[in-house]
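# Per-entry structural report
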Amino acid sequence: MEDLNRKGEILIFAEQDNGVLSEVPLELLSKGRELADTLKVPLACVLVGDKVGGLARKLIQHGADTVYVADDPRLKDYQTASYARVVGDLITERRPQICIFGATPMGRDLAPTVASAQRCGLTADCTDLQIGNYTDPATKEEQTSLLLQIRPAFGGNIIATIVNPRMHPQMTTVREGVMHAGPPNPARRGQVVPVEPRFQPGDLALKVLERTMRAPTCNLRGASVIVAGGAGVGSREGFELIRELADELGGEVGASRAAVDAGYISQEHQVGQTGATVRPRLYIACGISGAIQHRAGMDQSSKIIAINRDPDAPIFQVAHYRIVGDLHEVIPEILRALRGPALREPES
Amino acid sequence: MGYTSVVCVKQVPDTKRITGNAMREDGTVNRAALPAIFNPEDRNALEAALRVRDEHGGTVTVVTMGLPSACDVLREALERGADRCILVTDRRAAASDTLATSYILSCAVGKLKPDLVFCGRQAIDGDTAQVGPQLAEKLGFTLMTYMEELALEGREARVTRNIGNGRETALARLPALFTVMESANEMRPAAMRKIMKFKKARAPMEIANSVKTALGVSATPEALAAETSRRTEELAARGLLIDQWNLDDIGARLEWCGGAGSPTRVNRVQSVVLAGGDYREFEPTQASIGQLVAELVQDHTIG
């Protein structure tokens with residue numbers, strides 16, 4: 001068995017795009033801080049890009065003890081090979097015991113490449129991370145303080161806990177939106193360590209010609225209220241009613257995969273296993289039967305109202321409030337109640 | 001000139017059609033209770049490779065790793081137009097995680113010396129999206145994930161990628177590996193002529209199994225071997241033999257395959273149990289809904 005370096009630090013990949021820090025490293029830092037404190041090891045970030053050094057401060061305020069910064073004009077655009085070189089070299093040198101990436105399109109491209117080169121295990125799309133013990137079922141040998149990597153599998157039908165007991169480091173990607181970014185602490189101090197990239201031939205072989213970023217038209221993960229529609233909405237026009245309720249509540253419009261597949265609404269509104277994971281204060285599921293893939297993305301919402309004509313719809317099993325009825329009648333009633341005089345704030 | 005393309009495909013349980021009896025009491029999955037299908041995005045990968053052949057010439061070879069039953073997806077690939085199919089099958093490959101799987105595939109794909117490798121973005125049973133990138137790393141190929149459009153010119157590929165909140169167009173040198181999105185294309189239908197022809201395609205292990213059934217338990221090993229080799233030769237002559245490789249054929253290091261070569265372990269599996277906790281029922285009436293809304297305003301959930 002190789003040296004597992006269980007005293008090594010925890011390393012988080014701090015994803016940024018065009019000099020703007022993504023939300024996901026801040027989410028990972030709050031969980032990473034918890035894990036690092038449990039293990040009594042330092043928490044580090046690696047920041048890769050061009051003119052990104054200024055972002056280190058924010059990472060420290062959110063919990064990092066050390067920020068490794070690889071700042072180089074050749075790292076301006078994300079490329080698998082060049083970024084994997086920087087992160088891989090750092091892992092070889094610093095030997096962290098745990099590496100965490102966001103399960104974003106970038107993280108899901110970078111992490112497997114780094115893991116393959118390191119020949120270590122990688123668990124994708126975790127929804128929770130814990131520190132715990134593991135007993136090898138064959139040898140009965142127990143290992144303490146391993147990273148328990150918890151993820152839904154099999155289309156969300158099972159929750160699996162994965163461990164990497166033999167190889168180093170323990171590497172994982174974590175879904176966006178499932179962990180909460182904590183507030184920054186401006187008094188926190190940490191160290192910034194510059195990293196010199198050592199490219200090898202072929203690392204910069206890619207030429208990025210053009211990138212067009214679409215301004216997101218919806219922000220499901222940041223919404224405190226989500227009104228979501230499913231197949232029961234019945235049409236593209238039917239989503240106007242969903243939108244109307246969402247607007248009234250200052251929330252966002254979500255959708256089940258069935259509604260997206262039927263062409264009622266675009267994919268960026270999709271909640272669930274292959275869409276966004278959300279945990280708003282209030283989630284109103286309208287005409288959504290509640291396939292397990294959908295529930296996996298929303299069942300941690302603080303309050304769930306389900307509206308469905310079918311009293312046996314599985315969505316009712318995760319709902320706090322059940323309304324068995326037709327959404328086309330129920331939603332107008334909710335709108336009426338919201339706009340009714342009894343609820344208006346007294347005007348001053 | 002044409003390009004040599006390899007498409008990696010996987011036979012997966014149809015996780016969208018999971019019913020009650022697909023989950024066992026202990027929370028594990030009863031794969032036998034689920035229909036096995038051609039992984040959806042691997043169809044898009046196959047179509048992307050076929051389009052390259054349509055435009056530039058060359059060959060399309062489809063590789064899968066799995067049990068002999070995975071030949072069903074290989075037959076489907078032949079029906080859609082693949083030139084050659086290879087089943088990588090070996091008991092010693094069982095329990096491979098993504099690292100071991102990508103290593104085994106890299107040994108098999110490497111033997112074929114392709115210019116282009118196509119994989120589906122991810123498989124619906126694990127949703128990890130790891131094998132494509134890991135295979136590219138092991139082959140030393142340029143990785144282009146989330147491919148939607150591809151144009152080739154000489155040894156250069158111009159690829160448009162869907163990067164979630166936007167699109168990126170990039171130029172990459174070949175050899176390259178692409179992971180293909182569902183949105184890239186739609187797999188062509190199979191021609192009836194090809195269906196009739198390739199439904200008879202078999203891998204050697206399938207032939208051996210059907211010979212065993214045909215000759216019965218009393219047949220001598222010599223008789224079984226003779227009949228198997230006769231049928232194998234006959235299929236090969238008609239272009240209906242699915243190649244079958246084991247770990248020795250591809251020169252894989254055994255310590256990097258199967259459970260031994262897999263760093264990850266499943267520690268625990270729980271089936272998703274619905275909370276079924278406290279809930280309150282509200283009638284779809286004006287009065288009842290008014291009361292619900294008033295409560296939500298009072299506890300500051302809304303407003």
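These notes cover the structure that comes with them. Computed from a predicted model, the values in this text were never measured in an experiment.

Residue and element names in this part refer to chain B. As judged from the six bridges shared by strand β7 (residues 142-153) and strand β8 (residues 156-162), these two strands associate in the antiparallel manner. If you follow L150 over to β8, its bridge partner there is V159. Between β7 and the antiparallel strand that follows it, β8, lie two residues; G154 among them carries a positive phi value of about 60 degrees. Bridge analysis of β8 against strand β9 (residues 166-173) gives seven bridges, and the strand direction is antiparallel. Considered in β9, the bridge of R161 is made with E168. The hairpin turn running from β8 into β9, its antiparallel successor, is three residues long, and G164 in that turn takes a positive phi close to 90 degrees.

This brings us to the interface of chain B and chain A. Every contact between the two is made by 63 residues of chain B and, on the other side, 67 residues of chain A. Elements supplying a minimum of two residues to the side of chain B that touches chain A: α3 (98-111), α4 (131-139), β7, β9, β12 (265-271), β13 (280-282) and α8 (286-298) of chain B. With eight residues, β9(B) is the largest single contributor of residues to the side of chain B that touches chain A. Residue composition of the side of chain B that touches chain A, by class: 28 nonpolar, 22 polar and 13 charged. In this structure, strand β10 (residues 158-163) of chain A lies alongside β12(B), joined through six bridges in antiparallel fashion. Each residue of the ladder has a partner; that of I158(A), found in β12(B), is S271(B).

Taken in spatial order, the ten strands of this open sheet run β13(A)-β9(B)-β8(B)-β7(B)-β10(B)-β6(B)-β1(B)-β4(B)-β5(B)-β11(B), and their pairing is mixed. Looking at which strands have only one partner, the edges of the open sheet turn out to be β13 (207-213) of chain A together with β11 (243-245) of chain B. Ignoring which end each strand starts from, the neighbouring axes of this sheet average 30 degrees apart. Helix-sheet contacts for helix α1 (residues 40-56) of chain B involve β1 (3-9), β4 (58-65), β6 (116-120), β7 and β10 (176-180) of chain B, and the interaxial angle to β1(B) is about 170 degrees. Helix α2 (residues 71-80) of chain B rests against β1, β4 and β5 (84-88) of chain B of the sheet, and its axis sits at about 170 degrees to β5(B).

For the rest of this paragraph, the subject is the environment of T92(A). Topologically, T92(A) is positioned in helix α3 (residues 80-94). Once the C-alpha coordinates of T92(A) and G340(A) are considered, the two residues, 248 residues apart in sequence, prove to be 64 Å apart.

As a further point, take the nonpolar core. With 140 residues, the main nonpolar core has L47(A), V87(A) and I104(B) as its most contacted residues. Setting aside anything within four residues of it in sequence, one finds V87(A) in contact with F13(A), V46(A), V48(A), L110(A) and V114(A). Counting residues in each nonpolar core, the second largest holds 49 residues, with A246(A), I288(A), I307(A) and F316(A) among its members.

Right, let's get into the packing of helix α5 (residues 239-248) of chain A against helix α8 (residues 327-339) of chain A. Residues and elements named next belong to chain A. α8 packs onto α5 with a crossing angle of 25 degrees between their chain directions and a minimal axis gap of 10 Å. The angle between α5 and α8 places the two elements in the roughly parallel class. As for how α5 packs across α8, the hand of that crossing is left-handed. Contact residues: L241, E244, L245 and E248 in α5; H328, I331, I334, L335 and L338 in α8. In terms of residue class, the contact of α5 with α8 is built from six nonpolar, one polar and two charged.

Let us look at the environment of R173(B). Take R173(B): it is sitting in strand β9. Considering only alpha carbons, one finds R173(B) and A157(B), 16 residues apart in sequence, at a separation of 6.3 Å. Discounting residues that sit within four places of it in the chain, R173(B) has contacts with A205(A), T142(B), R155(B) and E156(B).

Reading guide: rules and limits
- Residues numbered from 1 in each chain as written.
- Chains lettered and ligands numbered in written order.
- Predicted model: local features only at pLDDT ≥ 70, side-chain atom pairs only at ≥ 80, totals over all residues.
- Pairing = 2+ DSSP bridges.
- Helix = DSSP H or I, 4+ residues; strand = E, 2+ residues; numbered from the N terminus.
- Contact = placed C-beta atoms within 7 Å.
- Nonpolar A, V, L, I, M, F, W, Y, C, P; charged D, E, K, R; others polar.
- Axes fitted to C-alpha atoms, helices over the stretch in contact; angles between N-to-C directions.
- Core = buried A, V, L, I, M, F, W, Y, C linked by C-beta atoms within 7 Å.
- Buried ≥ 20, exposed ≤ 12 C-beta atoms within 10 Å, placed from the backbone.
- Parallel < 35°, antiparallel > 145°, perpendicular 65-115°, else oblique.
- Left-handed = near helix turned anticlockwise from the far one by under 90°.

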